[in-house]
Amino acid sequence: DLSRKLREDDVYHAFHLEKDSIVIVNIWSILHDETIYPRPEIFESERFLMDDGFDPDILDPQDVAFGYGRRICPGRYMAYATM
């Protein structure tokens, strides 16, 4: 479940969000942001790599795909181990 209930009023990109509003994380949009992942519709594993390892400036999709906070997917450890 990616919905969250705001505990207090908040502002996001000049939008006022009232306390108790329900917000939903748009993972698809995050993972298809062309400013982070050029040509996001194409799988290019090399975009995450540098000569000495992973590129720290690129958002790791695993940090987004398994959710956030208290409700993060408990099966992520099994997924990592399987890969």
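Rules of the game
- Residues numbered from 1 in each chain as written.
- Predicted model: local features only at pLDDT ≥ 70, side-chain atom pairs only at ≥ 80, totals over all residues.
- Heavy atoms only, no water.
- UniProt positions renumbered as here; feature names shortened; annotations may be inferred.
- Helix = DSSP H or I, 4+ residues; strand = E, 2+ residues; numbered from the N terminus.
- Contact = heavy atoms within 4.5 Å.
- Patch = residues over 30% accessible without salt bridge, like charges linked within 9 Å, V, L, I, M, F, W, Y side chains within 5 Å.
- Areas by Shrake-Rupley, 256 points an atom, 1.4 Å probe, with all protein chains shown as cover.
- Salt bridge = Lys/Arg side-chain N within 4 Å of Asp/Glu carboxyl O.
- Buried < 20%, exposed > 50% of the residue type's maximum accessible area, 1.4 Å probe, protein only.

An unreviewed UniProt entry lists the protein under the name Cytochrome P450, with Dichomitus squalens given as the organism. Among the UniProt annotations of the protein, the heading Cofactor (unreviewed entry) holds the following wording: "heme". Database annotation for the protein, UniProt heading Pathway (unreviewed entry): "Secondary metabolite biosynthesis."

> Residue-level account of the UniProt feature "binding site: heme" (unreviewed entry) in the protein, with values.
UniProt records the feature "binding site: heme" (unreviewed entry) at C73, using the numbering of this structure. Secondary-structure assignment places C73 in the loop between α2 (62-65) and α3 (76-82).

> Tell me what's going on with the environment of F66, and back it up with residues and numbers.
In this fold, F66 is placed in the loop between α2 and α3. Contact partners of F66, with chain neighbours within four places excluded, come to I72, C73, R76, A79 and Y80.

> Account for a nonpolar patch on the surface, naming residues and giving values.
Together, Y77, Y80 and M83 make up a nonpolar patch on the protein surface, roughly 380 Å² of accessible area in all. You can see Y77 is positioned in helix α3.

> How would you summarise the environment of W28 if you had to cite specific residues and measurements?
Within the element layout of this structure, W28 appears in helix α1 (residues 27-31). Residue W28 is classed as exposed on the basis of its relative accessible area of 59%. Through-space distance from the C-alpha of W28 to that of F54 is 22 Å; in sequence the pair is 26 residues apart.

> Give a detailed account of the environment of Y80, specifying residues and quantitative values.
Structurally, Y80 can be placed in helix α3. Along the sequence, Y80 and P38 sit 42 residues apart, while their C-alpha atoms lie 25 Å from each other. Ignoring anything within four residues of it in the chain, the contact list for Y80 reads Q62 and F66.

> Outline the pattern of salt bridges, listing residues and values.
Tallying each qualifying case throughout the model produces 1 salt bridge. Note that E44 and R39 form a salt bridge whose closest N and O atoms lie 2.2 Å from each other. With a relative accessible area of 47%, R39 lands in the partly exposed category.

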